[in-house]
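# Survey of secondary and tertiary structure
The residues making up each chain are set out below.
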Amino acid sequence: MNHPLEPHAAEMRRLVDEAMRRIVAHIESLPSQPVFKTEDAAEFARTLIEPMPEQGTSYEALLDHLFDECVPRSFNTASPGYLAYIPGGGIFHAAVADLIADSVNRYVGVNAAAPALVQLETNVIRWLCQIVGYRAGSGGLLTTGGSLANFIAIVTARKELLPEQFFAGTLYCSDQVHHSFQKAANLAGFPYANIREIPSDGQFRMKVDALEDAIRRDREKGMTPFLVVGSAGTTNTGAVDDLDAIATIARAYSMWFHVDGAYGAFFMMTARGRAAMRGIERADSIILDPHKTLFLPYGTGGLLVRDASALRRAHSLHAEYLPPMQNEDELVDFCEISPELSRGFRGLRVWLPLKLVGAAEFRSQLEEKLDLARWATEELRKIEGIEIVAEPQLSLVAFRLRGSDELNRELLREINAPKRVMLTPTVVSGRFLIRICVVSFRTHRDRMEMCLEDVRSAVERVERGRPRPR
Ligand SMILES: Cc1ncc(COP(=O)(O)O)c(C=O)c1O
C-alpha cells in the first residue's frame, strides 16, 4: 500500500520527475526571463494567507501554483542579469546534493553518528582553509550564511580574550563594514556603543592610523579593545581593507583579527584575489560565503578559524545522552565547535560540486567575473557624464552620473526598466551610487554587453529629460 508519508518507488520517481520537468523548463528559460517581477508581488502574497490544510491537494496543482504564480513574482536572483546586492546564482549540482542529503537524512551533528559523512564535510573545511592560506591547526564549520558565521566568530573571540563580565570590551570596524557585523556583535552581548566605526579613505578602505588612534584612546579610558574586523570586499563598493596592516595592529595590541570575506574570500582562488587580500592568512578568523562566490544556492556560509581549538573551547559542553565525542584534533564533532546540535548535512552541497566539476572551473569562473567588472568599468568610463566612484578592487564597480542624487535615482530606474539587468544602489558619504556586482556563474560577456547598452541608453534618456542649466 502507498502510505502518504512513505511513497513507493514509482511515486517517488513521479514526485521528482514532475518537479524536474518544471525545474528544467525554469532554468533553461532563465536568460529570457525578466530579472525582476515584483509589481503585484506584495498584494499577491497577501492572497496566500490560509489556515493549515487538513487534507492534501493535487501535487501537479501545487507545482503549477509554485512555478507559475509564486516563483516568478520576485527578484530573479538566478538570472544572468542579476547584478544587484551580492548575487548568488545557485548551481544545480548543489540542489541534487540537497536532495540526496535530505533523502538519506543522516545525522552529522556528532561524529559517531556518521563518521564518513562528517569527514566529507571536514574535507570541505580543509579545502576552504587552504584557499585562504590557513595551515595545519586551522578549522571551522559551514553555517547557514555569513551573518551566523560573523556571530560565531565574535562569540569565540569574546570567550578567548575577555572575562565573563565583558562589558569593557570594544570592537572596531570600518564605516563600510557589512551591518551583519554590528548586528552580530550586539547579539553576542555588546552594546552598540562598544562598536567603533573607523573612517575609510578615498578607496573606501579603513584608515589604519585612525584605527590605532581609536584603540589607544579606548585603552586610556580603561576599555579593553579586543577585536578588529577587516573587510575583504565590502558590499557597498567591493573595497578590500589593508588586511596586512590591520593584522599588524591587531597583533601589537593582542587583539583578535577577524576578516569578513563573505563576498571576497573565494577570490583567493585567483592570483589577483591573493594580491588584493595580502595578509588575510594572518587573521584569527575569516567568514566566506559559498552561497555568494562559490555560486551555491542560498543557505551556506562558512567560518574558518586559524586555531580551531578556540571554537571547541567556546562551544564544547557535555551531555550524558550524547555519544562520546572525539578527542583527536582531526576528528570533529560539529556540535562541539558550533551553537548547533541537529543540523542538515550542508557539507554535501559544497563537496559534490567541487568533486564533480573540480576547483579549476570555479577558479576560471571567478577570473571571468574579475575581467567582466574591469571591462564594464572601462565601458562606463567612455560614457559622457559618468563618474567611476569605486574602481573594482574585486568584481564590483560603483558609479554615478554627474548631477543630483535624484537624477541618479531616475537613471537607476531607467537602467532597470527593460528588466535585462537588475542593479541596486547604495549611499556612501551621503552620495547615491549605482553598483554593478558581477558574481553569478551565469553572467558572461553577452549579458554585460546588454548591461552596458541599457546604461548607455538610460543615460541618454535621462540626459534628454534633464532641465538645462539657466
Ligand atoms: C560583505 C558581507 N558580509 C556579510 C554578509 C552577510 O551574509 P549573509 O547574507 O550570508 O548572512 C553579506 C551579505 O551580503 C556581505 O555582503
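Residues numbered from 1 in each chain as written. Predicted model: local features only at pLDDT ≥ 70, side-chain atom pairs only at ≥ 80, totals over all residues.

### Details of the site of the ligand
Selection criterion: The C-beta atom of each residue is placed using the backbone, and any residue whose C-beta lies within 6 Å of a molecule or strand is treated as near it. Ten residues, namely Ala, Val, Leu, Ile, Met, Phe, Trp, Tyr, Cys and Pro, are considered nonpolar, four, namely Asp, Glu, Lys and Arg, are considered charged, and the remaining ones, Gly among them, are considered polar.
With respect to spatial proximity, the complete set of residues near the ligand consists of Ile86, Gly145, Gly146, Ser147, His178, Ser180, Thr235, Asp260, Ala262, Tyr263, Asp289 and Gly301. Partitioned by chemical class, the residues of the shell around the ligand number three nonpolar, seven polar and two charged.

### Details of the nonpolar core
Formally: Remark: nonpolar core denotes a set of buried Ala, Val, Leu, Ile, Met, Phe, Trp, Tyr and Cys residues whose joining runs through C-beta atoms within 7 Å. Exposure in this text rests on C-beta crowding, where 20 or more other C-beta atoms within 10 Å of a residue's own make it buried, 12 or fewer make it exposed, and counts in between make it partly exposed. The C-beta atoms are placed from the backbone. Contacts are defined on C-beta atoms placed from the backbone: any two residues whose C-beta positions lie within 7 Å are in contact.
The biggest cluster of nonpolar side chains holds 125 residues, and the ones touching the most others in it are Leu83, Val132 and Ile246. Apart from residues no more than four positions distant in its own chain, Leu83 is found in contact with Val421, Met422, Leu423, Ile436, Cys437, Val438, Thr443 and Cys451.

### What to know about the sheet that holds strand S4 (residues 224-231)
For clarity, the cut-off: Two strands pair under a simple rule: DSSP has to find at least two bridges between them. In this text, helices come from DSSP runs of H or I with a minimum length of four residues, and strands from runs of E with a minimum of two, each type numbered from the N-terminal end. Working convention: axes come from line fits to C-alpha atoms, limited for helices to the stretch in contact. Angles between N-to-C directions cover 0 to 180 degrees.
Across the sheet, seven strands lie side by side as S1-S7-S6-S5-S4-S2-S3; this open sheet has mixed pairing. Sheet topology places strand S1 (139-143) and strand S3 (195-198) at the edges, where each strand pairs with a single neighbour. Pairs of neighbouring strands in the sheet enclose a mean axial angle of 20°, with direction left out of account. Sheet topology note: the S1/strand S7 (residues 301-305) ladder contains five bridges and is antiparallel. Each residue of the ladder has a partner; that of Gly140, found in S7, is Leu304. Along the sheet, helix H9 (residues 243-252) makes contact with S4 and strand S5 (256-261), crossing S5 at roughly 155°.

### Describing the domain arrangement of the protein
Stated precisely, the cut-off is as follows: Domain start and stop points were drawn from an automatic or database domain assignment.
For the protein, the assigned domains read domain 1 (9-32 + 37-74) and domain 2 (86-470). On a C-alpha basis, the centres of domain 1 and domain 2 stand 31 Å from each other.

### Looking at helix H13 (residues 348-357)
Residues of H13 that are buried include every one of Leu348, Arg349, Val350, Trp351, Leu352 and Pro353, and no others. On the buried face of H13, the contacting elements are helix H4 (92-104), helix H5 (115-132), S1 and helix H11 (290-293). Backbone geometry just after H13 places Gly358 at a positive phi near 90°.

### Comments concerning the packing of helix H6 (residues 146-161) against helix H7 (residues 179-187)
So the rule is basically this: Roughly parallel here means an angle under 35 degrees, roughly antiparallel means over 145, roughly perpendicular means 65 to 115, and every remaining angle is called oblique. It is the rotation of the near helix from the far one that decides the hand of a crossing: anticlockwise by less than a right angle makes it left-handed, clockwise makes it right-handed.
Where H6 meets H7, the axes come as close as 8 Å, and the angle between the chain directions of the two elements is 45°. One way to sum up the angle between H6 and H7 is to call them oblique. Considering how the two elements wind past one another, H6 and H7 form a crossing that is right-handed. Residues Gly146, Ser147, Asn150, Phe151 and Ile154 of H6 pack against Ser180, Phe181, Lys183, Ala184, Ala185 and Leu187 of H7. Of the residues belonging to the contact of H6 with H7, the class tally is six nonpolar, four polar and one charged.

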